[in-house]
Amino acid sequence: MSDGDLRERVAEACRVLGALDLTKAATGHVSARIPGSNHALVRARGPGELGVRYTTAKQIIEVDLDGKLIGPPEEAGLETPIEVFIHTAVYRARPDVNAVVHVHPTTVVLFTICNKPLLPLYGAYDPGSLQLALEGIPTYERSILISTPELGAELARAIGQSSTCMMRGHGITTVGASVEEAALAAIHLNDLATVNYQARLLGDPVPIPKDEQDAFRRGPASPGGGAGRRVAALWRYYCALTGA
Ligand SMILES: [Zn+2]
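For the structure given in this document, a descriptive report is provided here. From a predicted model like this one, the values you see are computed outputs, not experimental measurements. (Residues numbered from 1 in each chain as written. Predicted model: local features only at pLDDT ≥ 70, side-chain atom pairs only at ≥ 80, totals over all residues. Heavy atoms only, no water.)

Take the coordination of the zinc ion next. Each protein donor to the zinc ion is listed here as Glu-83 (OE), His-102 (NE2), His-104 (NE2) and His-170 (NE2); together their distances run 2.0 to 2.2 Å. Relative to the metal, the four donor atoms surrounding the zinc ion lie at angles of 90 to 148°, and the coordination shape comes out irregular. In the primary structure, the donors to the zinc ion are separated according to the pattern E-x18-H-x1-H-x65-H. Linking His-102 in strand S5 (residues 99–103) with His-170 in the loop between strand S7 (164–167) and strand S8 (171–176), this pair joins segments that are 68 residues apart in sequence. Exposure remark for His-102: the relative accessible area of 0% places this residue in the buried category. Note on His-170: relative accessible area 10%, which makes it buried. (Donors = N, O, S within 2.8 Å, 3.2 Å for Na, K, Ca; no water. Tetrahedral: all angles 85-135°; square planar, octahedral: opposite > 155°, others 65-115°. Helix = DSSP H or I, 4+ residues; strand = E, 2+ residues; numbered from the N terminus. Buried < 20%, exposed > 50% of the residue type's maximum accessible area, 1.4 Å probe, protein only.)

This paragraph deals with the side chain of Ser-178. Here Ser-178 is to be found in the loop between S8 and helix H6 (179–202). From its side chain, Ser-178 meets the backbone nitrogen of Glu-181 in a polar contact 3.1 Å long. In contact with Ser-178, not counting residues within four places along its chain, are Arg-9 and Ala-99. (Polar contact = N/O pair within 3.5 Å; in protein donor to acceptor, adjacent residues only side chain to side chain. Contact = heavy atoms within 4.5 Å.)

With that settled, consider the packing of helix H3 (residues 106–113) against H6. Remark: H3 packs on H6, axes separated minimally by 8 Å, with the N-to-C direction vectors making an angle of 65°. As for how H3 packs across H6, the hand of that crossing is left-handed. Every residue of H6 that contacts H3 at Thr-107, Val-108, Leu-110 and Phe-111 is listed here: Leu-189, Asn-190, Ala-193, Thr-194, Asn-196, Tyr-197 and Arg-200. The residue inventory of the contact of H3 with H6, partitioned by class, reads six nonpolar, four polar and one charged. (Axes fitted to C-alpha atoms, helices over the stretch in contact; angles between N-to-C directions. Left-handed = near helix turned anticlockwise from the far one by under 90°. Nonpolar A, V, L, I, M, F, W, Y, C, P; charged D, E, K, R; others polar.)

The next point concerns helix H8 (residues 227–242). Between its terminal C-alpha atoms H8 stretches 23 Å, which fits the 22 Å expected from 16 residues at 1.5 Å a residue. Taken as a whole, H8 has its buried residues at Trp-235, Tyr-238 and Cys-239. All buried residues of H8 lie within an arc of 100° about the axis, which places them on one face of the element. Among the exposed residues of H8, those pointing more than 90 degrees away from its buried face are Arg-229, Arg-236 and Ala-240. Positive phi shows up at Gly-243, right after H8, with a value of about 70°. (Expected span 1.5 Å × (residues − 1). Arc of directions from axis to C-beta.)

Structure, rendered in structure tokens:
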């Protein structure tokens, strides 16, 4: 895959997550590791910027794992995001990760503010997002901007081997082997929080029974193909839904 293709996939993921209202106004970023290098592509700050939802490939910059701008040249006016260290620290800590999403979804943030857990409340309704509740979602307890390499490393430690992390009073970071996987993890986490939120409004939510949780923990049957195909199909759906 060329750098240009990867740039477009990072921009497309930004547009999907923005259109789904997964972040607060214009903030947030998606990145991808450039295969075979110690560099990554990430959404930039800069002139004419319209926020995550309207990101184009022109707003994607290349950085090294110290968070230093590699290109395009400074004259283009594009700057690294303040929280670029979220991305660089995860790439340093997790060789299995090729993409990172950082956004500020209000519903998830509410659960960190109120110290409420995200419970496994449903089964076949949405096994993809249920899986996150079964795995357990770590929380990074600080609410500050991740503006230094040290804070990035601290967040990466909180994420550990998980695919998602809630950040108290701030947002979420999700990771994946591909841009699509990391973006879908963010969508799943937001879906899980949305149902938990609505269930708490309606009454006293009850988790599904332990034996059913165990059945889903073993993984869903996949008569129609493997995990890669499911990710691709779901991603096509969200791209079509949002017109991204
Ligand atoms: Zn943030």
